[in-house]
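# Residue-level structural notes
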Amino acid sequence: MMFDVYRIREDFPILQRKVNGRRLIYFDNAATTQKPKQVVGAIARYYFNYNANVHRGLHTLSQEASQAFEEAHEVLAHFINAYSWDEIIVNVLNTTDALNLVAWGWGLSNLKQGDEILVTVMEHHSNMLPWRVIAERVGAKVKYVDITDDGRIDLTDLESKLSERTKVVAFCLASNVVGTINDVRRISRLAHSVGAIAVGDGAQYVPHVPTNVRELELDFLAFSGHKMLGPTGTGVLWGKREILEEMKPFKVGGDTIKDVTLDDVVWHDLPWRFDAGTPHIAGVIGLAEAARYLMRLGMENVREHDVRLVRHTFKRFEELGSELTVLGPKDPESRTGLVSFNVKDLHHHTVAKALDLFGIAVRSGGHCAHPLHYRLGFKGSVRASYYIYNTIEEVDEFVNTLKLIISLKDRLAKEPVEEVCTGT
Ligand SMILES: Cc1ncc(COP(=O)(O)O)c(C=O)c1O
């Protein structure tokens, strides 16, 4: 399949929708992406043709469902170039759930009093709070790695905080606010230089950048299915085999074991020992279809498309001069396909509500990264985040609408700020 954005759009019926009388422009992809017909079709085929539980029945339907479920692991392993399908844990709801699994599943048995966990100021709360909670539980300490003013991880600060007490370095591969793509391999190597594990939050990276876990040298990588065309309630935790082998399941029950007596339990092989209870079979099948769809497009093309859209946005933003402050690096090549900004003298929610009146969906608020906003001197921001079906024309429409909003600023600034969405 060639990367033809207009052809791609035909796979997404929702893009034909009107909002407030205008054709929808969906720029909230960092929150969740839309789903193509192929993904919804794969889920429907499972429910209509071979719906059954997996790994629990000898009958045909259960065999077919188990086969599709197992194949999904292979597809996802291929998508991130894992060494093997059994390093893929799909029994997580999303990135948050996957990171909690690492913090509790690995952290509870490997962290102790006096240990240190390095977390960057750039993190989404999902890669910050689980570490704070586990640190409190075991008596470890969380230390924060600063960022530079243009929104990059400060590697000098990271190096100065590493010591033999450091047991975990947790960081995002790409930021959901400043968009920065981090030097993942360098940070992983720094973590390993003191014997710590490198835990990567791939929520904003895996859907946008060709991902090769062999090159990134991480120990864990978490990402969400729903941010890469898959259904909500799906995610992946990839882990290095030797670490997963050592890790006891955190949630236990059906399918996590090979045998149980009243005195003993033999845990199952990877990855089934992490699949407590009936998994989200339909969701996992849908997620694999999403990965297949992206691989047909080519992740290099997905990446190029992002850069094209961000470059065009920055070029058009020049027309708005000092009315706009963009958060993060100013070169499109350092970022994924999202742009967060603030309009002078207008609350971020006011801008987002005004854009919605023109059918343009963006996110506003703290984007679950409050410490990052505070570090940059803001309470929140407006975020336009792109994906494979967004066009240059949509970016133009968005910037033209922003210009209109700015021209109406005096009136808009008097409107009560929408606080319905607290923008967490
Ligand atoms: C960088 C980053 N990490 C983690 C998450 C959490 O993802 P989820 O809500 O799918 O768990 C998000 C979601 O926006 C994110 O952008």
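First, a word on scope: everything that follows refers to the structure included in this document. (Residues numbered from 1 in each chain as written. Predicted model: local features only at pLDDT ≥ 70, side-chain atom pairs only at ≥ 80, totals over all residues.)

### Structural notes on the overall build of the chain
Note the cut-off: Think of it this way: any DSSP run of H or I at least four residues long counts as a helix, any run of E at least two long counts as a strand, and we number them from the N terminus. Every C-beta atom is placed from the backbone, and the number of other C-beta atoms within 10 Å of a residue's own sets its class: buried at 20 or more, exposed at 12 or fewer, partly exposed in between. Two residues qualify as being in contact provided that their C-beta atoms, derived from the backbone, are within 7 Å of each other.
Along the chain, the regular secondary structure elements total 15 helices and 17 strands. Seen along its three principal axes, the alpha-carbon backbone of the chain occupies a region of about 75 × 55 × 40 Å. Taken over 424 residues, the chain has a buried fraction of 48%. For the chain, the proportion of contacts with a sequence separation of at least 24, taken over those separated by at least 6, is 71%.

### Topic: the environment of E323
Examined against the element boundaries, E323 turns out to sit in the loop between α11 (299–317) and β13 (324–326). Taking the C-beta count within 10 Å as the criterion, E323 has 19 such neighbours and is therefore assigned partly exposed. For the pair formed by E323 and I285, sequence separation is 38 residues and the distance between their alpha carbons is 46 Å. Setting aside its immediate chain neighbours within four residues, E323 contacts V343, K344 and I406.

### Remarks on the sheet that holds β13
Cut-off, in case you're wondering: In short, DSSP must find at least two bridges between two strands for them to pair. To obtain each axis, a line is fitted to C-alpha atoms, and for helices this fit is confined to the stretch in contact; angles are then taken between N-to-C directions over 0 to 180 degrees.
Here 4 strands make up an open sheet; going across it, the order is β13-β14-β17-β16 and the pairing antiparallel. If you trace the sheet from one side to the other, it starts and ends with β13 and β16 (363–365), each paired once. Each strand axis lies, on average, 30 degrees off the axis of its neighbour in the sheet, ignoring direction. Two elements, β16 and strand β17 (residues 381–385), share 3 bridges in a ladder whose sense is antiparallel. If you follow R363 over to β17, its bridge partner there is R383. Along the sheet, helix α12 (residues 348–357) makes contact with β14 (338–343), β16 and β17, crossing β16 at roughly 160 degrees.

### Regarding the site of the ligand
The condition that has to hold: Note on definitions: a residue is near a molecule or strand provided its C-beta atom, placed from the backbone, lies within 6 Å of it. Polarity classes work like this: nonpolar for Ala, Val, Leu, Ile, Met, Phe, Trp, Tyr, Cys and Pro, charged for Asp, Glu, Lys and Arg, and polar for all others, with Gly in that last group.
Around the ligand, a shell composed of 13 residues is seen, among which N94, T96, N176, A203 and S224 lie nearest. In the shell around the ligand, the residues fall into 3 nonpolar, 9 polar and 1 charged.

### Some remarks on the sheet that holds strand β8 (residues 197–201)
Judged by pairing direction, the sheet is mixed, and its 7 strands sit side by side in the order β4-β10-β9-β8-β7-β5-β6 without closing on themselves. A single partner strand is all that each edge strand has here, and the edge strands are β4 (88–92) and β6 (141–145). The average undirected angle you get between the axes of adjacent strands in this sheet is 20 degrees. Seen against the sheet, helix α3 (residues 60–79) touches β4 and β10 (235–239) and runs at an angle of roughly 115 degrees to β4.

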